[in-house]
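Okay, here's what each chain looks like letter by letter:
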Amino acid sequence: MSNREEAVCLHEYLDVQALTHDLIKKRALEIYRERVRIPKSPAFRDPNKRVAFRYMVKAEKVFQYIVVVLGKVARLPPADSLNPFYAELLEIATKGMYDELRREGSHAIKIISDMWKEYRGRILGGGENAKRLSTEFVGRALSVIKRKVRALPITKNISYVAYNTPCIDFEKPLIIVSGMPQVGKSTFVGRVSTAKPKISPYPFTTKSVVIGHVRLGEASIQLMDTPGILDRPLEEMNEIERRAIAALRHLKAVVLHLIDVSKESYYTLEQQVKVLKTVEGLVGREKIILALNKVDKAEEGLLERAKSIVADMGYSKCIEMSALLGVNVGVAIVEAVNLYDKLFGTKYGELMDLYFSSTTSNSGTSSS
């Protein structure tokens, strides 16, 4: 249980910038228009040779630029070599075109490389035709990219996922906080961990997963804030919801599921119970800790009705919590860590006294 960082960061594996056909064309033509210095050498005393060499170098620079840019696309790791969570995030963001993009980039490089082998010699021996052959090569190479790398625009989506997905240590304990939008997930994660997720009074503020850490002396556990899930079938969920589903489906974790029992709740208790059943179907009831949140604003009778409904579902124990006021947030962490220990054979629960001592010293009050 050391604190040594072993987090996996997706951007370290996906070294690709957002690209478009127009962007590549613009940069290629800029490179082609750059001045070329001809070496002072007896070999270039012939004016035709000097011209041919100049236009060969111009075309070669464009060729090298294209190979570097498309090479990064072609060398993206196969989806099945990544952690399944990361692979599904890419699947969602690229609408299933991620591996197709890799293949298209590789194929285009081969075509353009074979083309360059032919054109290089033709340009050098082209005499007065060198300029025409040089520009012809550049035009054909750009045409190959446009025709053969049709998925190129999804590099924008890949870049977004790479740099907006948090680094995760797959060997450290992870608590996923789930629930419908506006049930208090971000408020909870922001209160108990190092994360500072955006909080606002409207749904779907959280659009990607956010990782925070709860320090236990020299060790730590990870807490994941997830986008809200609506009451609808998985196949009808939007891209934001599917990011939460990917985390629940693939990550080794326990789930702290929040239900809003306040009178201002955006969603009915019945809708929230349906979402709880969706989460159950993904992870299993045995991995879920249930918290009834916003008890400080609970409508009369709603809290008791909620407790009765979830008890009938098999949740004989649930936490009555106010993330906003800090009521029982520490209890929620303890219960989740203890469940993680039970399921995965770890002993992080032994360090929970360090968590309570740190929260007491920081706030002057207990978290529970």
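Residues numbered from 1 in each chain as written. Predicted model: local features only at pLDDT ≥ 70, side-chain atom pairs only at ≥ 80, totals over all residues. Heavy atoms only, no water.

Let us look at helix H6 (residues 155–164). Among all positions of H6, only Thr 155, Ile 158, Ser 159, Val 161 and Ala 162 are buried. Looking straight down H6, one finds its buried side chains confined to an arc of 165 degrees; they lie on one side. Those residues of H6 that are buried lie in contact with helix H2 (47–74), helix H3 (84–94) and helix H4 (98–124). (Buried < 20%, exposed > 50% of the residue type's maximum accessible area, 1.4 Å probe, protein only. Helix = DSSP H or I, 4+ residues; strand = E, 2+ residues; numbered from the N terminus. Arc of directions from axis to C-beta. Contact = heavy atoms within 4.5 Å.)

Another point: the pattern of salt bridges. Applying the stated criterion to the full structure yields 20 salt bridges. In this structure, the salt-bridge partner of Lys 317 is Glu 335, at a minimum N-O distance of 3.1 Å. Here Lys 317 is found in the loop between helix H10 (302–312) and strand E6 (319–321), whereas its partner Glu 335 is found in helix H11 (residues 329–344), with 18 residues between them in sequence. Note on Lys 317: relative accessible area 55%, which makes it exposed. Shared partners join several salt bridges into a network, and the residues in it are Lys 26, Arg 27, Glu 30 and Glu 34. (Salt bridge = Lys/Arg side-chain N within 4 Å of Asp/Glu carboxyl O.)

The subject of this paragraph is the state of the cysteines. Inspection of the entire model under this criterion finds one disulfide. The disulfide partner of Cys 9 is Cys 167, and the S-S distance across this bridge is 2.0 Å. Measuring handedness by torsion sign, the sulfur bridge of Cys 9 and Cys 167 sits at about 115 degrees and is right-handed. Of this pair, Cys 9 sits in the segment before helix H1 (21–33) while Cys 167 sits in the loop between H6 and strand E1 (174–178), and the two are 158 residues apart along the sequence. Owing to a relative accessible area of 10%, Cys 9 belongs among the buried residues under this scheme. (Disulfide = S-S within 2.5 Å.)

Another point: the domain arrangement of the chain. By domain assignment, the chain separates into domain 1 (10–162) and domain 2 (168–361). Placing the centre of domain 1 and that of domain 2 at their C-alpha centroids yields a distance of 46 Å. Each partner contributes residues to the interface: domain 1 has nine residues there, and domain 2 has twelve residues. Across the interface of domain 1 and domain 2, roughly 1000 Å² is buried in total on both sides, 62% from carbon and sulfur atoms. For the interface between domain 1 and domain 2, the tally reads one salt bridge. Measuring nitrogen to oxygen at the nearest pair gives 2.7 Å for the salt bridge that ties Arg 249 to Glu 88. The greatest single-element share of the side of domain 1 that touches domain 2, amounting to seven residues, is contributed by H3. Looking at side-chain class alone, the side of domain 1 that touches domain 2 contains seven nonpolar, one polar and one charged residues. (Domains from an automatic or database assignment. Buried area = accessible area lost by both parts, 1.4 Å probe. Nonpolar A, V, L, I, M, F, W, Y, C, P; charged D, E, K, R; others polar.)

Consecutive side chains of a regular strand alternate in pointing toward one face of the sheet and then the other. Within strand E5 (residues 288–293), six of the six residues are buried, which leaves the element mostly enclosed by the surrounding structure. Residues Ile 288, Leu 290 and Leu 292 point to one face of E5 and Ile 289, Ala 291 and Asn 293 to the other, with burial holding for every one of them. Note that strand E4 (residues 254–260) and E5 share six bridges and pair parallel. In the sheet register, Leu 258 faces E5, and the bridge partner there is Ala 291. At this point the chain moves from E4, through helix H9 (residues 269–283), to the parallel E5, and the crossover so formed is right-handed. Taken together, the three bridges between E5 and E6 define a ladder with parallel strand orientation. Opposite Ala 291, over in E6, you have Ile 319 as the bridge partner. (Pairing = 2+ DSSP bridges. Right-handed = clockwise from strand over helix to strand, strands pointing away.)

So, about empty space enclosed by the protein. In this structure the tally under the stated criterion is two cavities of 30 Å³ or more. Roughly 80 Å³ of volume is contained in the largest cavity. As for the largest cavity, its lining consists of Leu 89, Tyr 160, Val 161, Asn 164, Thr 165, Ser 208, Val 209 and Arg 243. Among the elements that line the lining of the largest cavity, the one with the most residues is H6, at three residues. Of the residues contributing to the lining of the largest cavity, the split by class is four nonpolar, three polar and one charged. Computed from the structure, the second largest cavity encloses a volume of approximately 30 Å³. Contributing to the lining of the second largest cavity are Pro 173, Ile 175, Ile 221, Val 337, Tyr 340, Asp 341 and Tyr 348. The element best represented in the lining of the second largest cavity is H11, accounting for three residues. Along the lines of polarity and charge, the residues of the lining of the second largest cavity split into six nonpolar, no polar and one charged. (1 Å grid on protein atoms, 1.4 Å probe; cavity = no way out; pocket = protein on both sides within 12 Å on 5 of 7 lines; lining within 4 Å. Points joined across faces, edges and corners; volume = space filled by probe spheres on them.)

The next thing to look at is H10. Of all the residues in H10, the buried ones are Leu 302, Leu 303, Ala 306 and Val 310. All buried residues of H10 lie within an arc of 100 degrees about the axis, which places them on one face of the element. In H10, the exposed positions that point more than 90 degrees away from the buried face belong to Glu 304 and Asp 312. Buried positions along H10 lie against E4, H9, E5 and E6. Directly after H10, the chain includes Gly 314, whose backbone phi takes a positive value near 110 degrees.

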